[in-house]
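Structural overview
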Amino acid sequence: MKYNENKFPENFLWGGATAANQWEGAYLEGGKGLCVADINEFKGDLPATERWNGELSSAEVKELLDSTEKYFPKRFGIDFYHTYKEDIKLLAGLGINSFRTSINWARIFPNGDDETPSEEGLAFYDRVIDELLKYHMESLITISHYELPLNICMKYNGWCSRQTIDMYVKYCRTLFERYGDRVKYWILVNQINTIDMESFNHLGILSDRVENLLEAKYQALHNELVACGRAIRIAREINPSLKVGQMSSYAVPYAHRATSKNQLTALKDGQLQYYYSDVETRGKIPAYMYRFYEDNHLNIEITEQDVEDLKNTVDFISFSYYGTRIVNEKGEGVKDEDMEKNDWGWSSDAVGLRVALNEYYDRYQLPIIVAENGMGYRETLGEDGKIHDDYRIDMLKKCIEQVKEAIHDGVEVLGYYPWGPIDIVSCSSSEMEKRYGFIYVDYDNHHNGSGQRYLKDSYEWYKRVVKSGGETLD
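Residues numbered from 1 in each chain as written. Predicted model: local features only at pLDDT ≥ 70, side-chain atom pairs only at ≥ 80, totals over all residues. Heavy atoms only, no water.

1. Focus on the overall build of the protein
- The number of helices and strands found in the protein is 15 helices and 12 strands.
- Since a compact globule built from 474 residues should have a radius of gyration of about 23 Å, the 21 Å found for the protein is in line with a globular shape.
- Along the first, second and third principal axes, the C-alpha set of the protein runs to 60 × 60 × 50 Å.
- Partitioning the intrachain contacts of the protein with sequence separation of at least 6 by distance along the chain shows that 78% fall at a separation of at least 24. (Helix = DSSP H or I, 4+ residues; strand = E, 2+ residues; numbered from the N terminus. Rg over C-alpha atoms; globule rule 2.2 N^0.38 Å. Contact = heavy atoms within 4.5 Å.)

2. Things to note about the pairing of strand E2 (residues 98–102)
- Of all five residues in E2, five are buried, a share of seventy percent or more.
- Of the two faces of E2, the one lined by Ser98, Arg100 and Ser102 and the one lined by Phe99 and Thr101 are each fully buried.
- When E2 meets strand E3 (residues 138–144), the two strands line up parallel, connected through five bridges. For Arg100, the partnering residue across the bridge sits in E3 and is Leu140. (Buried < 20%, exposed > 50% of the residue type's maximum accessible area, 1.4 Å probe, protein only. Pairing = 2+ DSSP bridges.)

3. A few points about the nonpolar core
- One finds Tyr168, Tyr218 and Tyr462 to be the most contacted residues of the largest nonpolar core, which totals 147 residues.
- Ranked by residues supplied to this core, first place goes to helix H9 (residues 213–238) with 12 residues.
- Once residues lying within four places of it in the same chain are set aside, the contact partners of Tyr218 are Ile195, Leu272, Tyr275, Tyr276, Met289, Phe292, Tyr293, Leu298 and Ile300. (Core = buried A, V, L, I, M, F, W, Y, C linked by side-chain atoms within 4.5 Å.)

4. Regarding the sheet that holds E2
- Reading across the sheet, the eight strands line up as E1-E10-E9-E7-E5-E4-E3-E2 and stay open at both edges, with parallel pairing between neighbours. The sheet is open, and its two edges are formed by strand E1 (13–14) and E2, each paired on a single side.
- In this structure, strand E5 (residues 243–249) lies alongside strand E7 (residues 316–321), joined through five bridges in parallel fashion. Opposite Gln246, over in E7, you have Ile317 as the bridge partner.
- Along the sheet, H9 contacts strand E4 (185–189) and E5; its crossing angle with E4, the most-contacted strand, is approximately 160°.
- Along the sheet, helix H14 (residues 390–409) makes contact with E1, strand E9 (368–373) and strand E10 (413–416), crossing E10 at roughly 170°. (Axes fitted to C-alpha atoms, helices over the stretch in contact; angles between N-to-C directions.)

5. Examining the environment of Phe76
- With respect to the helices and strands, the residue Phe76 is situated in the loop between helix H2 (58–66) and helix H3 (80–92).
- Taking relative accessible area as the criterion, Phe76 reaches 33% and is therefore assigned partly exposed.
- For the pair formed by Phe76 and Glu24, sequence separation is 52 residues and the distance between their alpha carbons is 7.0 Å.
- Excluding its chain neighbours within four sequence positions, the residues that come into contact with Phe76 are Glu24, Gly25, Tyr71 and His447.

6. A closer look at helix H11 (residues 287–295)
- Taken together, the buried positions of H11 are Tyr288, Met289, Phe292 and Tyr293. Viewed along the axis of H11, the buried residues span an arc of 145°, placing them on a single side of the element. Within H11, the exposed residues directed more than 90 degrees away from the buried face are Ala287 and Glu294.
- If you follow the buried residues of H11, they end up packed against H9, helix H10 (260–282) and helix H13 (350–364).
- Downstream of H11 by a residue or two, His297 has a phi angle that is positive, lying close to 55°. (Arc of directions from axis to C-beta.)

7. Things to note about the pattern of salt bridges
- Applying the stated criterion across every chain, the model contains 37 salt bridges.
- Residue Arg182 pairs with Asp181 through a salt bridge whose shortest N-O separation is 3.2 Å.
- By relative accessible area, which is 63% here, Asp181 ends up exposed.
- Among the salt bridges present, the one from Arg354 reaches Asp409, with a minimum N-O distance of 2.8 Å. Here Asp409 lies in helix H14 and Arg354 lies in helix H13, a separation of 55 residues in the sequence.
- Classification of Arg354 by relative accessible area gives partly exposed; the value is 29%.
- When salt bridges with common partners are traced through the structure, they connect Glu119, Asp126, Asp130, Arg178, Asp181 and Arg182 into a single cluster. (Salt bridge = Lys/Arg side-chain N within 4 Å of Asp/Glu carboxyl O.)

8. Remarks on the packing of H10 against H13
- One way to put it is that H10 packs onto H13 with a least axis distance of 11 Å and a crossing angle of 40°. Of the possible angle classes, the one that applies to H10 and H13 is oblique. Judged by the sense of rotation from one axis to the other, the crossing of H10 with H13 is right-handed. Judged by residue contacts, Tyr274, Ser277, Asp278, Thr281 and Arg282 of H10 engage Glu359, Tyr360, Arg363 and Tyr364 from H13.
- Looking at the contact of H10 with H13 residue by residue, the class counts come to three nonpolar, two polar and four charged. (Parallel < 35°, antiparallel > 145°, perpendicular 65-115°, else oblique. Left-handed = near helix turned anticlockwise from the far one by under 90°. Nonpolar A, V, L, I, M, F, W, Y, C, P; charged D, E, K, R; others polar.)

9. Observations concerning the packing of aromatic side chains
- Applying the stated criterion to the full structure yields 35 aromatic pairs.
- Centroid distance Trp23 to Phe80: 3.6 Å. Interplanar angle 10°. Geometry classified as stacked. Of the two residues, Trp23 sits in helix H1 (residues 20–23) while Phe80 sits in helix H3, which places them 57 residues apart along the sequence.
- Overall, the relative accessible area of 1% leaves Trp23 in the buried class.
- For Phe80, a relative accessible area of 2% puts it in the buried group.
- The interplanar angle of 25° and the centroid separation of 4.8 Å between the aromatic rings of Phe438 and Tyr462 together place this pair among those described as stacked. Of this pair, Phe438 sits in the loop between E10 and strand E11 (439–441) while Tyr462 sits in helix H15 (residues 457–467), and the two are 24 residues apart along the sequence.
- Among the aromatic residues, ring-to-ring pairing joins Trp23, Phe80, Tyr81, Tyr84, Phe99, Phe124 and Tyr125 into one connected group.
- One Lys or Arg, Arg107, reaches over the ring of Phe124 and ends 5.7 Å from the middle of that ring.
- Residue placement shows Arg363 over the ring face of Tyr274; its charged tip is 4.0 Å from the ring centre. (Phe/Tyr/Trp six-rings, centres within 6.5 Å; stacked < 30°, edge-to-face > 60°. Lys NZ or Arg CZ within 6 Å of the ring centre and 35° of its normal.)

So, in structure tokens, the structure goes:
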């Protein structure tokens, strides 16, 4: 009788994950153009649970660009652009064998529609990738991670335009040709299913330039999926050994109560989350989406060439996991009052990670990477110059235990990447004080501070986890 392994594979990718827009800074250096993240405002006057990036109109974008009073933390990040050698050395001290980050599209093509890429931008990522390799860390590169050049939004209305397909494909070809000899694993689009919380950041649609915003979003998403299909084909032409993956935010809902209506609502809601991974793994638009388009009176342009492009499918699945979601029969989110929450209203559900891994593997039978996992906390240095973050250790320990359980279930898990192993600016709330890292960075929400790095207790803990291959979690 065959038994599943009850341990992490020897070649398991133990890593950490960040994004260029959240840690690089230097937003106008090195030939970089403006990207969508550069106008993510810190809204410190709002409650922590309401500091989200929302839809934007042309006038609102102009106001943000012209403002001399508003503050945009992602323009400064943690200054990784200048401190990358020191930071990578600290990350290497964890003993990890892989690291996920993104390439800022606006560093390579400052306006998106530039005829040629910026050599200065390409050279910067040469240095970063080579520095990671120096410490035996394999790169997992995200191609598009909320870094759409702002000019594409203003001139073409983001992914609504089919011209953006060509710009993205050109960008991908440039990356594959430049770094394909050193980067094996690629993620096409970060959290491709986030069309509400990070809608403008993701799709770059100006709300006043479309008549039907929902239709515009789904046309934009279709265009993006077509671009991903073309990029996959190009990657295989350039280097067949490259592994190209799909990434979603795990948001498949649980029904609030086990009634047939609630179950149906959860099923339909879940289909809208699976739509992207269904296309990118199966090579065609699922039938349920045509019903969704009909029910919502959406007219989506789908050409014969699109159908062919979508047939190019991914090599692996990846997802971010920050908790589970519960919906009632109206599709509205319902809070689980039994779960402990952080100051931003997020709650961890470790067993849900095992559920997610099993659901994805049952559906696709492809290798899976947990591309993000973590929880943000408010933290201040103690008098001893340390941060004793037992709460983070406890949360991540429970999650890693569930990854191991999923492997025992028979799920093929390639790697695990805690989000923000070094403190960076929060994606959703654009603040430094929502901290995820094993390494504390001395900046506040307005970039005040020394910028000095301090190791938290969780740093030594994760180091032990990695060294033991996941067998030592205490």
